[in-house]
Amino acid sequence: MSDTVTLDEVWKLFRETARQIQDTERVVKELTKQMQDTDRKMQDTDRKMQDTDRKMQETDRKMQETDRKMRETDQQVQETSRVVKDVARQVGNLSSRWGEFVEGLVAPACEKLFAERGIEVRAVAPRIKAKLPGNRHMEIDILAIDTTVAILVEVKSKLKIEDVREHLERLAEFKEFFPDYAHKQVMGAVAAIVVDEEADRFAIKQGLFVIVQSGETVTLANADDFTPRIW
């Protein structure tokens, strides 16, 4: 058997070698592309992780800011609550003092006002109280008295129709609470600095004197021919 290599075999070997080299280059190119893709993906992943980290840091900062604002809001709520309580207390004191002021204005004027209507007031007593069994109580803001007449004056900083109705009930029960005045003619009056719409007309229609502010003093809103109701 001859070991001589023919020219055809040599060309065949070269062609095979060239093909293998081409295949190798192709594989190398594919591997290079895959490595480049992998590197790009890793870079993209790293960028996303950095972005995620940045967002987490931003979220943490916002949470801390929210927590700070919540603490500030809580402090503001506590401060507002304190202010509201303080205002409520002051309003309560103001209402009490306002009532005292109104009574202090009305009581001294009763003698003159009722004298103009033919009632000679001999005594004016503020804040008269009485109680009956069954936990029943009555308080008269101002009681103006002459020999035959007792006038119950209800004093309000602002008079409403409901106040008039309550005073009418008070007048109806007065002699039961104060039997010492059973022999007197009982009349009623309401006094206020501010009067709700229709409250004064309603009171006058029910036979009550209505005392209202006039400048630095008070006056009767009733007409000169007004006839008071007697209880």
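Residues numbered from 1 in each chain as written. Predicted model: local features only at pLDDT ≥ 70, side-chain atom pairs only at ≥ 80, totals over all residues. Heavy atoms only, no water.

*Asks:* Explain the pattern of salt bridges residue by residue, including any values.
*Replies:* For the coordinates displayed, the defined rule picks out 19 salt bridges. The partner of lysine 55 in a salt bridge is aspartate 51, with the nearest N and O atoms 3.4 Å apart. Of this pair, lysine 55 and aspartate 51 both sit in helix H1 (residues 7–115), 4 residues apart, which is roughly one turn of the helix. Using a relative accessible area of 47% as the deciding quantity, one classes lysine 55 as partly exposed. Residues glutamate 65 and arginine 68 are paired through a salt bridge, measuring 2.2 Å at the closest nitrogen-oxygen approach. Highlighted residues: glutamate 65 and arginine 68, both in helix H1, separated by 3 residues, approximately one helical turn. Judged by relative accessible area, which is 28%, glutamate 65 ranks as partly exposed. (Salt bridge = Lys/Arg side-chain N within 4 Å of Asp/Glu carboxyl O. Helix = DSSP H or I, 4+ residues; strand = E, 2+ residues; numbered from the N terminus. Buried < 20%, exposed > 50% of the residue type's maximum accessible area, 1.4 Å probe, protein only.)

*Asks:* Let's hear about the sheet that holds strand S6 (residues 217–220): which residues, and what values?
*Replies:* Taken together, 6 strands build an open sheet; the order of strands is S1-S2-S3-S4-S5-S6 and the sheet is mixed. Each edge of the open sheet is held by one strand with a lone partner, namely strand S1 (123–132) and S6. In this sheet, adjacent strand axes meet at a mean angle of 35° when their direction is disregarded. With 9 bridges connecting them, S1 and strand S2 (residues 136–145) associate as antiparallel partners. Bridge assignment links proline 126 to a residue of S2, and that residue is isoleucine 142. (Pairing = 2+ DSSP bridges. Axes fitted to C-alpha atoms, helices over the stretch in contact; angles between N-to-C directions.)

*Asks:* Account for the environment of alanine 109, with residues named and values stated.
*Replies:* Here alanine 109 lies in helix H1. For alanine 109, a relative accessible area of 12% gives the class buried. Put simply, alanine 109 and threonine 217 are 108 residues apart on the chain and 8.0 Å apart in space, counted from C-alpha to C-alpha.

*Asks:* A description of the packing of aromatic side chains should follow, citing residues and the corresponding values.
*Replies:* Within the structure shown, the criterion is met by 5 aromatic pairs. Taking the centre distance of 5.2 Å and the plane angle of 70° together, the rings of phenylalanine 114 and phenylalanine 209 count as edge-to-face. Separated by 95 residues along the polypeptide, phenylalanine 114 in helix H1 and phenylalanine 209 in strand S5 (residues 209–214) bring together distant segments of the chain. On the basis of relative accessible area, phenylalanine 114 is assigned to the buried category, the value being 0%. Ring centres of phenylalanine 174 and phenylalanine 178 lie 4.9 Å apart, and the angle between their planes is 25°; on these two criteria the pair is classed as stacked. On the basis of relative accessible area, phenylalanine 174 is assigned to the buried category, the value being 0%. Ring pairs connect the aromatic residues Phe114, Phe209 and Phe226, which therefore count as one cluster. (Phe/Tyr/Trp six-rings, centres within 6.5 Å; stacked < 30°, edge-to-face > 60°.)

*Asks:* Explain the side chain of aspartate 163 to me, using residue names and the numbers behind them.
*Replies:* With respect to the secondary-structure elements, aspartate 163 resides in helix H2 (residues 161–177). Side-chain polar atoms of aspartate 163 contact the backbone nitrogen of lysine 160, separated by 2.9 Å. (Polar contact = N/O pair within 3.5 Å; in protein donor to acceptor, adjacent residues only side chain to side chain.)

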